[in-house]
Amino acid sequence: MKDYPELTLLIDGEWRGGSTGATQDVINPATEEVLGALPVASTEDLDAALESSARGFAIWRALSCYERARILMMAAQLIRERNEMIAMAVTLENGKPLAEARMEVGTVADILEFSAEEGKRLHGRIVEGRAAGVRHHVVKEPVGVCLAITPWNFPINTVAKKTGAALGAGCSLILKASNETPASAILLVQALMDAGLPAGVVNVVFGPSAQLTRHLMSSTIIRKVSLTGSVPVGKQLAALAADRMQRLTMELGGHAPVVVFDDVDIGKAVDLLVPGKFRNAGQICISPTRFFVQEAIYSDFAKAFSERAAAIKVGNGVAQGTMMGPLANARRLAAMDDFVADARSRGSTIMTGGERVGERGYFFAPTVIRDAVDDSLLMTEEPFGPMAPMTSFHSIDEVAERANALELGLASYALTNSLERATRIGEALQAGMVGINTVGIAIPETPFGGVKESGYGVEGGPESLDHYVVPKSIAMKPSL
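Keep in mind that what you see is a predicted model, and the values were worked out from it rather than measured.

### Digging into the side chain of Ser376
Here Ser376 lies in the loop between β15 (367–370) and α12 (377–380). Of note is the side chain of Ser376, whose polar atom sits 2.7 Å from the backbone oxygen of Val373. Apart from residues lying up to four places away in sequence, Ser376 is in contact with Asp342 and Arg346.

### Notes on helix α7 (residues 209–217)
At 3.6 residues per turn, the α-helix brings residues three or four places apart onto the same side. All buried positions along α7 are accounted for by Leu212, Thr213, Leu216 and Met217. Along α7, the residues classed as buried sweep out an arc of 120° about the axis, all on the same side. Here the buried face of α7 lies against α1 (43–62), β7 (145–149), β8 (172–176), β9 (202–205), β10 (222–228) and α8 (231–244).

### Remarks on the packing of helix α9 (residues 266–278) against helix α10 (residues 298–310)
Relative orientation of the contacting elements α9 and α10 amounts to 50°, with a least axis distance of 9 Å. When the axis of α9 is compared with that of α10, the two are oblique. The chirality of how α9 crosses α10 is right-handed. Judged by residue contacts, Ile266, Ala269, Val270, Asp271, Leu273, Val274, Pro275, Lys277 and Phe278 of α9 engage Asp300, Phe301, Ala304, Phe305, Arg308 and Ala309 from α10. Taken together, the residues that form the contact of α9 with α10 break down as 11 nonpolar, no polar and 4 charged.

Rules used in this analysis
- Residues numbered from 1 in each chain as written.
- Predicted model: local features only at pLDDT ≥ 70, side-chain atom pairs only at ≥ 80, totals over all residues.
- Heavy atoms only, no water.
- Helix = DSSP H or I, 4+ residues; strand = E, 2+ residues; numbered from the N terminus.
- Polar contact = N/O pair within 3.5 Å; in protein donor to acceptor, adjacent residues only side chain to side chain.
- Contact = heavy atoms within 4.5 Å.
- Buried < 20%, exposed > 50% of the residue type's maximum accessible area, 1.4 Å probe, protein only.
- Arc of directions from axis to C-beta.
- Axes fitted to C-alpha atoms, helices over the stretch in contact; angles between N-to-C directions.
- Parallel < 35°, antiparallel > 145°, perpendicular 65-115°, else oblique.
- Left-handed = near helix turned anticlockwise from the far one by under 90°.
- Nonpolar A, V, L, I, M, F, W, Y, C, P; charged D, E, K, R; others polar.

Taken by themselves, the reported measurements are silent on function.
Next comes the structure, spelled out in structure tokens:
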């Protein structure tokens, strides 16, 4: 298809098909048309990728941090130059509006640049010893070959976070990107190769996730694994990693509460929250999702929010004026139907949406549900779709307890014009990231990660590179 690149594996610097010739179709979620045939990696392909990554690690770690940074910076420049082409591929395979895809690609360049600069600041230190003439040198060494497993919802952003941190720290990487959005990952890695990345430093494979991951993690070559995915998958990988004591970074599910206090301007609150909620059709792990609105403004807020949501133009992401694209696949459509049916059975009111849009493509209307019950499906399980369930609350202590009731803690939000309320709710919410009067909580310079079953470790900020290095202490006396 025009505007969509050829799909291949990358093994030892060569873009090629799988050794068995097996492929699977990649589908455009807006049209249900086949975009391309994705090669499926065989066991032999995976073993070749492992051996290549081991060789690539030896080459990459031997380069100075300044040379590694130069390559990452050049790749960032190439990505900016190719923004329109890459964004089109993102939209075709993911479905998000082209404007959102352009923003995502722009952020990718920022992430690579940040990782390049932080890689130059992985300084060690010298500690005076307690024994005469002894000094202790603390150095930070790259952990080794890493495995990155990325999702379909931000198909190039999540690849950049893992790739940038690993390469910035001096590690090599095997990338298992989403089978549903492979071109985004391929185009990012192509920019790295064009910038001068040596062969074997990054290998790219596709295929059945469980099978591929199990085989790769069984190898002694893999020393670190980073996953962005669901809680159940995260627990499975944690069990696999225990066998070989592999390091883990787990960015898992969320179900972000939004606490709206009665001192806010409803119009301004709606202007902030509606675009934040329905960006990428709500398929964002930090999407504002469980809306707790204080009693005095509950009815007015729900009405204004619903009216604004109903005005969102749903359509193909490449079409002019589209504000929200399709869901990623048919599985998500079926899940939305289940959430709506459960809400109706519990007496909640569907204020807008609640149904599929059109007869072709995976479109679902922006949906607002009033009087959601705390133990309903929608309030206890992450919808990962264009769903905004709402309920009212009375006091700050009450809402904090309800907001923290789940075993998830990735992101939380609160809106208030009171400094006292902002301080209290910010301290009370159990999450790795909290946004007060903003939904813009994820930037390259700050840590991105959760607490409880939302995972451990972070991506973003200087802390992200710490997960890819091993602090080594060398005690040294000049002579005997």
